[in-house]
Amino acid sequence: MSPHGVPIHWLARAPRAADPATPTPGPLPTLVHDRRQRPWRDLRISLTDRCNFRCSYCMPRSRFGPGHRFLPQAQLLNFEEISQVADAALRLGVRTLRLTGGEPLLRRELPLLVRQLAALRTPEGLAPDLALTTNGSLLAAQAGALREAGLQRLTVSLDALDPELFGRMNEVGFPVAEVLRGIEAAQAAGFERIKVNMVVRKGVNEHEALPMAAHFRGSGVVLRFIEFMDTGCANTWRLDQVLPSQQLRKRLQARWPLQALGATRGGETAERWAYRDGAGELGFISSVSQAFCGDCTRARLTADGRVFTCLFGSQGLDLRPILRGSSGGSERLRATLAGIWQQRTDAYSEQRGRLGAEAPQRAEMHELGG
């Protein structure tokens, strides 16, 4: 057994999963579309449900304290299983693989997985676009090895520059200077156009938006502002804590003239803007005020092997019976994934206002990887 292998006896005590979708007879497509004709282009892969931060919008300490039970190691997909799912997804049209968590840098021997994923190819013989999202706390020590292993792009979550506020927001007192050191280490390792995501919560950290913009202007880092979203059910979300992107953009434009940029590809989450003086780029992710469900191309794989087709989903389909079973193999896996996507109708952000109290229980963001 490899260091990432799974004990055979685990299968005897695995929880019963929903029956996988019936494989489609005949040849499988190389590009699948859902019921709204959205292609599948992105797979976000959660490597762990653990995180060393307790950010209030994701894993508040009040709900995820010292006694919280995380997934046991045996339930996590091993690297070989993750690679199998990624390979099947690439054969169905996926082009971007993004590693997430929890905090993905907590996963041991991560460069080994990066190498395995970087070696995969699409039906056209192209390497996948391989990215990772991290809170940056462990990045300084790992950036070089990840870059050498084949990781292409990095996104760092950072919600404030003020040390006291940042410590309060991550709820563990982690120093912002260490995250900034990680970003510098990533740049030194050769990562270009690093993205920094700031979740803006009205009345909490909105005043940090301009200092963040001033800090990253001219650095080559793309700062993106994310509206506070109702992901999961633990973050006590309220609409009056959402600062619409349009309002924030006006504040920034009053300081630095901006100009709109076009999308680099279909299904992009962020509206792109540039400083008119050439000092770089900003992004605005507006899931609440300007839903972009209509061209969403993303699915998510949880650390324990469940597939979700929406960040606001309530249930996922467990792939472990296929990955750890004795029949079906790669063709059954691929057919199951194709069936999941082809049945997809998700549009939660478009329906948020109409659902109200009838909105279903949602999986937590630390499970789905944002």
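See the structure printed just above.
Residues numbered from 1 in each chain as written. Predicted model: local features only at pLDDT ≥ 70, side-chain atom pairs only at ≥ 80, totals over all residues. Heavy atoms only, no water.

> Hey, could you go over the environment of Phe 79 for me, with residue numbers and the actual values?
As for its placement among the helices and strands, Phe 79 is situated in helix 1 (residues 79-90). Sequence separation between Phe 79 and Leu 110 is 31 residues; the distance between their C-alpha atoms is 9.0 Å. (Helix = DSSP H or I, 4+ residues; strand = E, 2+ residues; numbered from the N terminus.)

> Pulling in residues and values, what's your account of the packing of helix 6 (residues 209-216) against helix 7 (residues 245-255)?
Following both chains from N to C, one finds helix 6 and helix 7 inclined at 50 degrees, their axes separated by 10 Å at the closest point. Taken together, the axes of helix 6 and helix 7 are oblique relative to one another. The way helix 6 lies across helix 7 gives a crossing that is right-handed. Here Ala 209, Leu 210 and Ala 213 of helix 6 come into contact with helix 7, specifically with Leu 248, Arg 251, Leu 252 and Arg 255. (Axes fitted to C-alpha atoms, helices over the stretch in contact; angles between N-to-C directions. Parallel < 35°, antiparallel > 145°, perpendicular 65-115°, else oblique. Left-handed = near helix turned anticlockwise from the far one by under 90°. Contact = heavy atoms within 4.5 Å.)

> Talk me through the pairing of strand 4 (residues 153-157); I want residue IDs and the actual numbers.
In this structure, strand 3 (residues 129-134) lies alongside strand 4, joined through 4 bridges in parallel fashion. Bridging across to strand 4, Leu 132 finds its partner in Leu 154. With helix 3 (residues 139-149) bridging strand 3 and its parallel neighbour strand 4, the resulting β-α-β unit is right-handed. As defined by bridge partners, strand 4 adjoins strand 5 (residues 195-200) across 3 bridges and the pair is classed as parallel. Along strand 5, the bridge assignment pairs Val 156 with Val 196. (Pairing = 2+ DSSP bridges. Right-handed = clockwise from strand over helix to strand, strands pointing away.)

> For unusual backbone geometry, give the residues involved together with the corresponding values.
Following Gly 101, the chain continues into Gly 102 via a peptide bond in cis, with omega recorded as 5 degrees. Even without being glycine, Arg 193 reaches a positive phi, approximately 50 degrees. Counting through the fold element by element, Arg 193 comes out in the loop between helix 5 (176-188) and strand 5. Since its relative accessible area comes to 48%, Arg 193 is described here as partly exposed. (Buried < 20%, exposed > 50% of the residue type's maximum accessible area, 1.4 Å probe, protein only.)

> Kindly report on the packing of helix 3 against helix 5, identifying the contributing residues and their values.
Angle between the axes and distance between the axes are the two parameters that describe a pair of packed helices. In contact at an axis separation of 8 Å, helix 3 and helix 5 are set at 15 degrees when each is read in the N-to-C sense. By the angle between their axes, helix 3 is roughly parallel relative to helix 5. Considering how the two elements wind past one another, helix 3 and helix 5 form a crossing that is right-handed. Facing Leu 139, Ala 140 and Ala 143 of helix 3, the residues of helix 5 in contact are Glu 178, Arg 181, Gly 182, Ile 183, Ala 185 and Ala 186.

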